[in-house]
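The residues making up each chain are set out below.
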Amino acid sequence: MVLVLNNSPPAEGKGARAPDVAFKPTLAGMSRERMRAALAAAGVPEKQLRMRVIQLWRWLYINGATSFDQMTDVSKELRTALEARYTLDRPEIVAEQVSVDGTRKWLLRLPKLGHEARAPEIEAVYIPEADRGTLCISSQVGCTLTCSFCHTGTQRLVRNLEASEIVGQILLARDRIGDWPGAKRPVMPEACFQHDDGLLPNTDRKITNVVLMGMGEPLYNFDNVREAMDIASDGEGLSLSKRRITLSTSGVVPEIARWGELSGTMLAISLHAVRDELRDELVPINKKYPIKELLDACRTYPGASNAKRITFEYVMLKGVNDSLADAKALVRLLAGIPAKINLIPFNPWPGSKYECSDWETIERFAEVVNKAGYASPVRTPRGRDILAACGQLRSESVRLRARERAPGSAASAEPGA
Ligand code: SAH
Ligand code: SF4
């Protein structure tokens, strides 16, 4: 069953902010440094800053506070001062869909940045499983890359997400699934009560893992993604172990080692082909950084070991990359790398030109890989009915052409992919 919740539409056309509402930034998703500066700007004396940051940090990242009133150990006066300048807003939910398998997809609206005429939209997906709950988050609105089998790849890059917008996806998901201490049941907007409560899992499943596998190429938004993952893994706050955070890249080779050194999360590589000729077509960044260079970067990924393996993602495309010869070549190619192989059945999207391999073909392919000693779980497609599965995410946000932007505005960030 699909449940769609629509918040009230913005006042003027899609994504517009009512002109009389002064924009207040959110503290939710800020790093300690940014929070400190925000508190100083609200008049907190220098000698209190450290203590106030500790308080706010706990309220935001341990308790999941969504209102200043909840902060009972912060004086009323300071709460009022903070409320005058800031919010605790998360990205705004435009729609929430719940798949028959419990997967949830949120279409989220972000605040407009200075030059933007429209508020951009992104998607995030929560996938509950028996032993874990995985949250798949976006790092960019759209993508500069154009992998031929990926729906996001058909949407031009609109902009990079701010660090707080990346963290905001985690906060929002925890709000929605009741994943904060003391939360008894999912927090639901009124519209939801018209529907069957049973749709929302009444279990104690929590977000145990975060994967940067939503919209965008995270290594092209390196600094913001790094700041966000530092906040997510902070032991005094959200406390997600870096071993439970996975960054997936299409193969931005020069950034891989740097990511390993500076952030140190788990790594997944979107390989998808064993020959450069085919990978050039499927994952065009391969023309810039071919397979050999990519695998060399994996061999030397800081911290990679048999206990901390790199995941190689391989989408199964019927008649394209799914032969037994491909399977054997894959095994040869990865020799010497501490690897896991994740076979992903292709998830179709409107207008896609590929088909998913037959189940038998996938099983035979997996057998070759298993025999070579790799655990190669075939990723069960989740949330296909709501287009929430890998590579199906896409929002309607468009990047405005220069002449459509306000005069004198800065251009959107677009890394030289
Ligand atoms: N840009 C990053 C992360 C986002 S894509 C990257 O490419 O790695 C997350 C994963 O979904 C990637 O492995 C991607 O190749 C895969 N994917 C994209 N489209 C898909 C589709 N239609 N079916 C199955 N997997 C897909
Ligand atoms: Fe971008 Fe990843 Fe999709 Fe390629 S697979 S277009 S890098 S989101």
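Since the model is a prediction, treat every value here as computed from it, not as a measurement.

What about helix α3 (residues 76-85)?
Residues lying three or four places apart along an α-helix face the same way, a consequence of the helix completing one turn every 3.6 residues.
No. 1: Buried within α3 are the following residues: L78, R79 and L82. Take α3 and look down its axis: the buried residues cluster within an arc of 100°, on one side only. The exposed set on the far side of α3, more than 90 degrees from its buried face, consists of K76, E77 and A84.
No. 2: Those residues of α3 that are buried are in contact with α1 (32-41) and α2 (49-61).

Let's talk about the site of ligand 2
No. 1: All residues adjacent to ligand 2 are C143, L145, C147, C150, G153, G216 and S250.
No. 2: Broken down by class, the residue content of the shell around ligand 2 amounts to four nonpolar, three polar and no charged.

What about the pattern of salt bridges?
No. 1: Using the criterion set out here, one finds 23 salt bridges in the structure.
No. 2: We note a salt bridge from E236 to R32, for which the minimum N-O separation is 3.1 Å. Note that E236 is positioned in the loop between α5 (222-232) and β8 (245-249) and R32 in helix α1, a separation of 204 residues in sequence.
No. 3: Of the residues examined, E236 reaches a relative accessible area of 55% and is grouped as exposed.
No. 4: In this structure, R34 and E227 form a salt bridge, with 2.7 Å as the shortest nitrogen-oxygen distance. Note that R34 is positioned in helix α1 and E227 in helix α5, a separation of 193 residues in sequence.
No. 5: Its relative accessible area of 44% is what places R34 among the partly exposed residues.
No. 6: In the salt-bridge network here, residues are joined through shared partners; they are R32, D234 and E236.

Looking at the site of ligand 1
No. 1: Not every one of the 21 residues close to ligand 1 is listed here, only the nearest: G216, S248, S270, H272 and N347.
No. 2: Contact between ligand 1 and H272: an oxygen atom at 2.6 Å from a side-chain N or O atom of the residue.
No. 3: Considered on its own, ligand 1 offers 540 Å² of accessible surface; in the complex 96% of this is hidden by protein.
No. 4: Within the residue set of the shell around ligand 1, elements represented by two or more residues are β8, β10 (310-316) and β11 (339-345).
No. 5: Here the shell around ligand 1 is composed, by residue class, of ten nonpolar, nine polar and two charged.

Quick notes on the packing of aromatic side chains
No. 1: By the definition in use, this model includes four aromatic pairs.
No. 2: With a centroid separation of 5.1 Å and an interplanar angle of 35°, the aromatic rings of Y314 and F365 are classed as tilted. Within this pair, whereas Y314 is found in strand β10, its partner F365 is found in helix α10 (residues 359-371), the two being separated by 51 residues in sequence. F365 shares its class with Y314; the two are buried.
No. 3: Between F346 and Y354, the ring centres sit 6.1 Å apart and the planes meet at 80°, which makes this aromatic pair edge-to-face.
No. 4: Using a relative accessible area of 1% as the deciding quantity, one classes F346 as buried.
No. 5: Look at Y354 and you get buried, because its relative accessible area is 10%.
No. 6: Positioned above the aromatic ring of W180, the side-chain terminus of R174 is 4.1 Å from the ring centre.

Side note on the environment of T154
No. 1: Checked against the element boundaries, T154 lands in the loop between β5 (140-141) and β6 (159-160).
No. 2: Owing to a relative accessible area of 41%, T154 belongs among the partly exposed residues under this scheme.
No. 3: Here the alpha-carbon distance between T154 and C143, two residues eleven residues apart in the chain, equals 8.1 Å.
No. 4: In terms of polar contacts, T154 uses its side chain to reach the backbone carbonyl oxygen of H151, at 2.6 Å.

Brief notes about the side chain of S148
No. 1: Within the secondary structure, S148 is located in the loop between β5 and β6.
No. 2: At a separation of 2.7 Å, a polar atom in the side chain of S148 contacts the side chain of Y354.
No. 3: In contact with S148, other than residues within four places in its own chain, are E281, L282, W349, K353 and Y354.

Description of the pairing of strand β3 (residues 121-128)
No. 1: When you tally the buried positions in β3, you get eight out of eight residues, the bulk of the element.
No. 2: Going residue by residue along β3, you find E121, E123, V125 and I127 tucked away on one face and I122, A124, Y126 and P128 tucked away on the opposite face as well.
No. 3: Of the strand pairs in this sheet, β3 and strand β4 (residues 133-136) are connected by four bridges, and their pairing is antiparallel. In the strand pairing of β4, P128 is matched with G133.

Rules behind the numbers
- Residues numbered from 1 in each chain as written.
- Chains lettered and ligands numbered in written order.
- Predicted model: local features only at pLDDT ≥ 70, side-chain atom pairs only at ≥ 80, totals over all residues.
- Heavy atoms only, no water.
- Buried < 20%, exposed > 50% of the residue type's maximum accessible area, 1.4 Å probe, protein only.
- Helix = DSSP H or I, 4+ residues; strand = E, 2+ residues; numbered from the N terminus.
- Arc of directions from axis to C-beta.
- Contact = heavy atoms within 4.5 Å.
- Near = heavy atom within 4 Å.
- Nonpolar A, V, L, I, M, F, W, Y, C, P; charged D, E, K, R; others polar.
- Salt bridge = Lys/Arg side-chain N within 4 Å of Asp/Glu carboxyl O.
- Polar contact = N/O pair within 3.5 Å; in protein donor to acceptor, adjacent residues only side chain to side chain.
- Areas by Shrake-Rupley, 256 points an atom, 1.4 Å probe, with all protein chains shown as cover.
- Phe/Tyr/Trp six-rings, centres within 6.5 Å; stacked < 30°, edge-to-face > 60°.
- Lys NZ or Arg CZ within 6 Å of the ring centre and 35° of its normal.
- Pairing = 2+ DSSP bridges.

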